[in-house]
Amino acid sequence: MAHPTANHLAGGPSGPDRSRVRVAILISGRGSNMQSLVQAALAEDLPVEICTVLSNRADAAGLAWARERGLPTDVLAHVGFDSRPAFDAALRARLEQLAPDYILLAGFMRVLGDELVRRFEGRIVNIHPSLLPAFPGLHTHARALAQGVQWHGCTVHFVTPELDHGPIIAQATIPVLADDTPERLADRLLPVEHRIYTQVLRWLAWRRVRLMPDGRVLVEGEPHRAWLGPTQFHEQDCHDHG
Ligand code: GRF
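This write-up is about the structure you can find in this document. Because the structure is a prediction, the values reported are computed rather than measured. (Residues numbered from 1 in each chain as written. Predicted model: local features only at pLDDT ≥ 70, side-chain atom pairs only at ≥ 80, totals over all residues. Heavy atoms only, no water.)

Moving on: the overall build of the protein chain. When its secondary structure is counted, the protein chain shows seven helices and ten strands. Looking at the 242 residues of the protein chain, the share that counts as buried comes to 45%. Entry remark: accessible area of the protein chain is about 12,000 Å², with carbon and sulfur atoms responsible for 54%. (Helix = DSSP H or I, 4+ residues; strand = E, 2+ residues; numbered from the N terminus. Buried < 20%, exposed > 50% of the residue type's maximum accessible area, 1.4 Å probe, protein only. Areas by Shrake-Rupley, 256 points an atom, 1.4 Å probe, with all protein chains shown as cover.)

As structure tokens, this is what we get:
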């Protein structure tokens, strides 16, 4: 079924609309973060143009969703390349052609090489399912449980050559519950991820995000960029044991 409402997000027939922030979204799988970004852009008529939803996997479920909504999609299968630099070079060429203002990684399961990251320095944004700098890399939920941390969360950050270490744009936390499993934790965190990534998209769309010379982020007019996700326990519980 066609979803013509997304068409204006994909740029009009007259080519790129430079009054809108051009965004490329990179995914590898279901793309729920990508979907919530697109839905917010539509619902709020954000000044955003999605120049591509690109996946390194042709079977990514998120691609079909984007296609149905008339968004431009692209596949660059990493399996077709014999080295990471070769894949990166091809990805760089595609992105250079599209000239996005921002490249949003939304569950894109490829590590980008230094050269590619430097080429788009300060323009690649990622969402990571932990409170960075804790738990960079994979299996964040299982590692958080194994460490016994009581707060878990997610981070939206700029991408730098060091994996999952770039300047932090926003963070949100959720409590770890006694009976949590990695799956339950992930399920509870996902809607919170959607919320903060969407908020960051709004800031980017309204050109309010600055990367400062000291490597930190400033969002104009925002007194804080920290959220408490649903706590799922009553404040009284803390007092009872305090
Ligand atoms: C999310 O948990 C995100 O934080 C991580 O990969 C997952 C992607 O989920 N980087 P989806 O494809 O956006 O649903």
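Across the sheet, which stays open at both edges, the eight strands sit in the order β3-β2-β1-β4-β5-β6-β7-β10 with mixed pairing between neighbours. Edge positions in the sheet fall to β3 (73-75) and β10 (226-228), since each of these pairs with one other strand and no more. The sheet shows a mean angle of 20° between the axes of neighbouring strands, direction not considered. With three bridges joining them, strand β4 (residues 102-105) and strand β5 (residues 124-128) adopt parallel strand pairing. Looking across to β5, one finds that Ile103 is bridged to Ile124. Each of β1 (21-27), β2 (48-55), β3 and β4 is contacted by helix α3 (residues 84-98), which is oriented at about 155° to β1, the strand it contacts most. (Pairing = 2+ DSSP bridges. Axes fitted to C-alpha atoms, helices over the stretch in contact; angles between N-to-C directions. Contact = heavy atoms within 4.5 Å.)

With that settled, consider helix α1 (residues 32-43). For α1, which comprises twelve residues, the first-to-last C-alpha distance of 16 Å matches the rise-based estimate of 16 Å (1.5 Å per residue) to within 8%. Most of α1 sits inside the fold, with nine of its twelve residues counted as buried. Restricting attention to buried positions, one finds in α1 the residues Ser32, Asn33, Met34, Gln35, Ser36, Leu37, Val38, Ala40 and Ala41. On its buried face, α1 is in contact with β1, β2, α2 (61-68), β4, β5 and α6 (182-205). Within two residues after α1, Asp45 carries a phi angle of roughly 50°, on the positive side. (Expected span 1.5 Å × (residues − 1).)

Right, let's talk about the side chain of Ser55 for a bit. Structurally, the position occupied by Ser55 is in strand β2. Not counting residues within four places of it along the chain, the set of residues in contact with Ser55 comprises Ile27, Ser28, Ala60, Leu63, Asp74, Val75 and Leu76.

The quantities given are spatial measurements derived from coordinates; they are silent on function.
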